[in-house]
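Per-entry structural report
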Amino acid sequence: MTPLRVTLGVIGAAAAAASLLIGRPAVFFPLALLGIVAFVVAAGCLAADLLPLRRAHAATSALSLLDAVALVLAGQASRGLAVVAALALVGLSAAPRLIRGRP
């Protein structure tokens, strides 16, 4: 796993914890901040995956970009959606390794 993917997983775990532990409306700021940082990190992952084209990695990085935006928007909608978006970010960060079948 690359350091950027590990960072995405940590951001997703932090966002899940924040959405579960912090009540509304105070959770808006941490989720927005984590979503922006996740977007930047996912863009870096996508750029790294496109140069030597790795299709599965690039697809999960592109989905991580969309999920980072969804994380910011879901934080304003409901707690459940925010948790799902955060856990999806964790899953997308681990997906390339799981697809290849390496533990």
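What this report covers is the structure whose coordinates are included nearby. What you see is a predicted model, and the numbers here were worked out from it, not measured in a lab.

A separate point is the overall build of the protein. Helix and strand counts for the protein come out as four helices and zero strands. Relative to a compact globule of 103 residues, whose C-alpha radius of gyration would be 13 Å, the protein shows 13 Å and is just as compact. Each principal axis of the C-alpha atoms in the protein carries an extent, and together these give about 40 × 25 × 20 Å. Here the analysis covers contacts within the protein between residues at least 6 apart in sequence; of these, 68% occur between residues at least 24 apart. Summed over all atoms, the accessible surface of the protein reaches about 5500 Å², with 77% contributed by carbon and sulfur.

With that settled, consider the nonpolar core. Soluble globular proteins: nonpolar side chains tend toward being buried together. Counting residues in hydrophobic clusters, the biggest one holds 21 residues, and the most contacted among them are Leu 8, Ile 11, Ala 15, Leu 31, Ala 38 and Leu 71. Mapped by element, the contributors of at least two residues to this core are α1 (3-21), α2 (28-50), α3 (55-77) and α4 (79-100). For this core, the leading source of residues is α2, giving seven residues. Beyond its immediate chain neighbours, meaning those up to four positions away, Leu 71 contacts Ala 15, Leu 31, Leu 34, Gly 35, Ala 82, Ala 85 and Ala 86.

This brings us to α1. Relative to the 27 Å expected for 19 residues at 1.5 Å per residue, α1 spans 27 Å between its end C-alpha atoms, a close match to the ideal helical length. Within α1, the full set of buried residues consists of Arg 5, Leu 8, Gly 9, Ile 11, Gly 12, Ala 15, Ala 16, Ala 18 and Ser 19. Turning to α1, the residues buried within the fold contact α2, α3 and α4.

What follows deals with the environment of Arg 100. As for its position among the elements, Arg 100 is in helix α4. Taking the C-alpha atoms as reference points, Arg 100 and Thr 2, separated by 98 residues in sequence, lie 14 Å from one another.

Let us now look at unusual backbone geometry. Following Arg 24, the chain continues to Pro 25 via a peptide bond in cis, the omega torsion being 0°. Looking at the element boundaries, Pro 25 is found in the loop between α1 and α2.

Moving on, we get to the side chain of Ser 61. Within the secondary structure, Ser 61 sits in helix α3. Using a relative accessible area of 0% as the deciding quantity, one classes Ser 61 as buried. Apart from the residues lying within four places of it in its own chain, the contact partners of Ser 61 are Arg 5, Ala 42, Cys 45, Leu 46 and Asp 49.

Definitions and cut-offs
Residues numbered from 1 in each chain as written. Predicted model: local features only at pLDDT ≥ 70, side-chain atom pairs only at ≥ 80, totals over all residues. Heavy atoms only, no water. Helix = DSSP H or I, 4+ residues; strand = E, 2+ residues; numbered from the N terminus. Rg over C-alpha atoms; globule rule 2.2 N^0.38 Å. Contact = heavy atoms within 4.5 Å. Areas by Shrake-Rupley, 256 points an atom, 1.4 Å probe, with all protein chains shown as cover. Core = buried A, V, L, I, M, F, W, Y, C linked by side-chain atoms within 4.5 Å. Buried < 20%, exposed > 50% of the residue type's maximum accessible area, 1.4 Å probe, protein only. Expected span 1.5 Å × (residues − 1).

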